[in-house]
Amino acid sequence: QVQLVESGGGLVQTGGSLRLSCAASGGTFTTYTMGWFRQAPGKEREFVAAIDRIRITNYADSVKGRFTISRDNAKNTLYLQMNSLNPADTAVYYCAASQRFGLPVRSVEYAYWGQGTQVTVSS
């Protein structure tokens, strides 16, 4: 069973950048597809990005071209580089691990979750 801990959230102005990190422990990191999701107040949790075992990636249309997901298997760490942020990106961001093959986009396909990190983008 893998444990996930996110970090790197904070307050940033429109147009700014943040890099989120997710440290994994207790499992074999390289065997998991990893994903980022986010949840804004009053809204459902939504898919942001995913990266599989061989670093193939998938992004939600809303973040494509602005966000980059990556993983460092030597450090058991997942990243999300977020550029050109805008207030619509304000949410709690969660990293998640899936044992499914491919690049799942539904939250139910991810068995393990971090506690989340808050990202707030001011206008």
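Residues numbered from 1 in each chain as written. Predicted model: local features only at pLDDT ≥ 70, side-chain atom pairs only at ≥ 80, totals over all residues. Heavy atoms only, no water.

Draft legend 1. Quick peek at the pairing of strand β4 (residues 33-39). Within β4, six of the seven residues are buried, which leaves it mostly tucked inside the rest of the structure. Alignment of β4 against strand β9 (residues 91-98), held across seven bridges, turns out to be antiparallel. The residue of β9 that forms the bridge with M34 is A97. Judged from the five bridges that link them, β4 and strand β5 (residues 46-51) form a sheet pairing that is antiparallel. Within β5, the position partnered with M34 by the bridge is I51. (Buried < 20%, exposed > 50% of the residue type's maximum accessible area, 1.4 Å probe, protein only. Helix = DSSP H or I, 4+ residues; strand = E, 2+ residues; numbered from the N terminus. Pairing = 2+ DSSP bridges.)

Draft legend 2. Broad picture of the state of the cysteines. Overall, the coordinates contain one disulfide when judged by the stated rule. The residue that forms a disulfide with C22 is C95, at a sulfur-sulfur distance of 2.0 Å. As the torsion about the S-S bond is roughly 45°, the C22-C95 disulfide counts as right-handed. Of the two residues, C22 sits in strand β3 (residues 18-25) while C95 sits in strand β9, which places them 73 residues apart along the sequence. The burial state of C22 is the same as that of C95; both residues are buried. (Disulfide = S-S within 2.5 Å.)

Draft legend 3. Geometry of the pattern of salt bridges. Tallied over the full model, the rule gives six salt bridges. For the salt bridge of E46 with R38, the shortest nitrogen-to-oxygen distance reads 2.6 Å. A salt bridge links R66 to D89; the nearest nitrogen and oxygen atoms lie 2.8 Å apart. Of this pair, R66 sits in the loop between β6 (57-59) and β7 (67-72) while D89 sits in the loop between β8 (77-82) and β9, and the two are 23 residues apart along the sequence. There is no split in this pair, since R66 and D89 are both buried. Several salt bridges share partner residues, and in doing so they unite R38, E46, R66 and D89 into one network. (Salt bridge = Lys/Arg side-chain N within 4 Å of Asp/Glu carboxyl O.)

Note that every value here comes from positions in space, so none of it alone points to a role or purpose.
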